[in-house]
Structures are given as structure tokens and as C-alpha cells.
Amino acid sequence: MTEDEAWMAGRGIWKFNADRALAQDEVQIVNPEGLVLAVATITGISKHGARYALEGTLLYGDARVGKPTTTPHRSRNSVAYF
């Protein structure tokens, strides 16, 4: 999966707390094994009914891509805030 594909799949559309998401500077798209697939800055959100999608700028070639995330979470929820 490319960084673009990971960003498009991971940025939304999800149920999440918009205020909490907007309080963050960036997002990591992480696979179930904890490997970072993409990193983006958060510039806003878009509303899709009762769900949201992150808007942002993909940070191509970020050094964290391809490495284990330093902020893993064990939740079944696919969205976590750090």
C-alpha cells in the first residue's frame, strides 16, 4: 500500500470526536500490526452525515513510515488520540 492509498483509506469516513481530532497536529495511519503507513498534518475535518474525515497534508517520506509506531494502542477502535 502506498502512502497515498494509506492516507485515503485511513483518513475517514469514521465516527470520531471532531474536537479531539482537531486538537492534534498530525495523524499516523497505522496497520493492525502497528507499522506506520503514512503521516499527515491535520488541517481540518469534513462532515459526512454523522461521521467525519480528516483533512490534511500528507508528509511524503516521513522517517516514521515503515517503522513501528511509538504510540501503539490496544483498542479495537481504529481512531486513537495522543
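Here, the structure is the one placed above.
Residues numbered from 1 in each chain as written. Predicted model: local features only at pLDDT ≥ 70, side-chain atom pairs only at ≥ 80, totals over all residues. Heavy atoms only, no water.

Some details on the nonpolar core
Defined as follows: For this analysis, a nonpolar core means a set of buried residues of the types Ala, Val, Leu, Ile, Met, Phe, Trp, Tyr and Cys, connected via side-chain atoms within 4.5 Å. Only protein chains enter the accessibility calculation, which uses a 1.4 Å probe; a residue whose area is less than 20% of its type maximum is buried, one above 50% is exposed, and one in between is partly exposed. Secondary structure follows DSSP: runs of H or I at least 4 residues long count as helices, runs of E at least 2 residues long count as strands, and numbering of each begins at the N terminus. Contact criterion: two residues are considered in contact whenever any of their non-hydrogen atoms come within 4.5 Å of each other.
By size, the foremost hydrophobic cluster in this structure holds 13 residues, and its most contacted members are Trp7, Val27, Ile29 and Leu54. Counting only elements with at least two residues in this core, the list comes to helix H1 (3–10), helix H2 (18–22), strand E2 (26–30), strand E3 (36–48) and strand E4 (51–58). Excluding residues that lie within four positions of it along the chain, Val27 makes contacts with Trp7, Ala38, Val39, Ala40, Ile42 and Leu54.

What about H1?
Counted only if it meets this: Directions drawn from the helix axis to the C-beta atoms are what define this arc.
Buried residues of H1: Glu3, Ala6 and Trp7, and no others. Down the axis of H1, the buried side of the element spans an arc of 100°, and every buried residue falls inside it. Those residues of H1 hidden inside the fold are in contact with E2, E3 and E4. A positive backbone phi angle near 155° is found at Gly12, which sits one or two residues after H1.

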